Amino acid sequence: MLKSMTGYGRQETMTEGRKILVEIRSVNQRFSDYNIKVPRYMGFLEDKIRSFVSEGITRGKVDIFVNVENFSEADKEISLNEPLAKNYIEVLRELRDKFDLKDDISVSLAAGFNDIFRTQRVEEDQDEIWSLVKPVLSDAMDSFIAMREREGERIEKDLTARIEYMRTLARKIDERSPQTVSEYRERLYNKIRELLENREPDEGRLLTEVAIFADKVAVNEETVRLESHFEEFNNIINAPEPAGRKLDFIIQEINREVNTIGSKAQDIEIAKLVVTLKGEIEKLREQVQNIE
């Protein structure tokens, strides 16, 4: 099954006093690129997240946002900056004595000087945090991949229909090609008779000229290879592994054969079919850019 490179997944869970939010979104890109955002103090999660998501995402520009909030208990420690607190109190006493003020120095007064307190975040247990984030990340991934698969299914239907249409066009070219030789022989025969004033032309020379023309415009080899490429295209679509790069290569090969047919075309009908095929190839290219 094909997967689109465009997707979105979100999961939010409250577990063991922590609210964990994970969002995953992706857009088209030729290779894989992971942009991971986690709380600054949880940078240790980045490598674990990258390793986890790379198992399920092989192509695309992927943005992953993870946030963890602790509601169960204080995740910070507060300590006193004693030298600064002592200095504040000494200055207050100097102010009291110098201006004969009422002595109302108290804890509540000192607590108003916020800079005498140091706040430090309690170091989190990395393994514990990862054990809580991982299942939430997994659920977000499931939602993300499901969206990619739904979009991939729509793309697959479109690609399958286009390949079948292109196969029909290639068969028309294959059927038309021998007729162009027959028509060329008829035109050549009539032209020579006209030049010879209705005398019969040399049959051997006529056959030689027709044979040369037939060899120049023969496209059987190209149409056979096209059929093979169409078949391989469908095989790749139905394979379980990521298909984007392989399909891109097959499209290049299809384009090569169509270009060769176009260069050999000596017939307006075949030329029209080639133009239509080229248009379909461009549509295939556009769609394949969306595939993982």
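Residues numbered from 1 in each chain as written. Predicted model: local features only at pLDDT ≥ 70, side-chain atom pairs only at ≥ 80, totals over all residues. Heavy atoms only, no water.

(A) Focus on the nonpolar core. Judged by nonpolar contacts, the single largest core of 29 residues is most densely connected at Leu159, Met166, Ile173, Phe233, Leu247 and Ile254. The set of elements that each furnish at least two residues to this core consists of α4 (126–195), α6 (220–238), α7 (244–264) and α8 (268–288). The contacts of Leu247, once residues within four sequence positions are left out, are Leu2, Leu159, Phe233, Ile236, Ile237, Val288 and Ile291. Listed in part, the 26 residues of the second largest apolar core include Phe52, Ile129, Val136 and Ile145. (Core = buried A, V, L, I, M, F, W, Y, C linked by side-chain atoms within 4.5 Å. Buried < 20%, exposed > 50% of the residue type's maximum accessible area, 1.4 Å probe, protein only. Helix = DSSP H or I, 4+ residues; strand = E, 2+ residues; numbered from the N terminus. Contact = heavy atoms within 4.5 Å.)

(B) Highlighting the sheet that holds strand β3 (residues 32–37). Ordered in space as β1-β2-β4-β3, the four strands form an open sheet in which the pairing is mixed. Bordering the open sheet on either side are β1 (7–15) and β3, each of which pairs with just one other strand. Across this sheet, the average inter-strand angle for adjacent strands is 10°, counted without regard to direction. Here β1 pairs with strand β2 (residues 18–27) via nine bridges, running antiparallel. Following the sheet pairing, Gly7 is matched in β2 by Ser26. Relative to β3, helix α1 (residues 45–54) is tilted by about 140°, and along the sheet it contacts β3 and β4 (60–70). (Pairing = 2+ DSSP bridges. Axes fitted to C-alpha atoms, helices over the stretch in contact; angles between N-to-C directions.)

(C) Summary view of the pattern of salt bridges. Here the structure, examined in full by the defined rule, presents 21 salt bridges. Residue Glu280 pairs with Arg162 through a salt bridge whose shortest N-O separation is 2.9 Å. Here Glu280, found in helix α8, pairs with Arg162, found in helix α4; they are 118 residues apart in sequence, far enough to count as distant. What makes Glu280 buried here is its relative accessible area of 7%. Ionic contacts of the salt-bridge type, sharing partners, join the residues Arg10, Glu12, Lys19, Glu23 and Glu69 into one network. (Salt bridge = Lys/Arg side-chain N within 4 Å of Asp/Glu carboxyl O.)

(D) Quick look at a nonpolar patch on the surface. On the surface, a cluster of nonpolar side chains totalling about 290 Å² of accessible area is made up of Ile78, Leu80 and Phe117. Within the secondary structure, Phe117 is located in strand β6 (residues 117–121). (Patch = residues over 30% accessible without salt bridge, like charges linked within 9 Å, V, L, I, M, F, W, Y side chains within 5 Å. Areas by Shrake-Rupley, 256 points an atom, 1.4 Å probe, with all protein chains shown as cover.)

(E) Here's a closer look at the environment of Val68. Mapping Val68 onto the fold places it in strand β4. Relative accessible area serves as the criterion here: at 5%, Val68 is assigned to the buried category. The spatial distance from the C-alpha of Val68 to the C-alpha of Arg18 is 6.6 Å, given a sequence separation of 50 residues. Residue contacts for Val68: discarding those within four places in its chain leaves Arg18, Lys19, Ile20, Pro39, Tyr41, Met42 and Val133.

(F) A look at the side chain of Asn234. Following the sequence through the fold, Asn234 ends up in helix α6. For Asn234, a relative accessible area of 17% translates into the label buried. If near-sequence neighbours (up to four positions away) are discounted, Asn234 is found in contact with Ile163 and Arg167.

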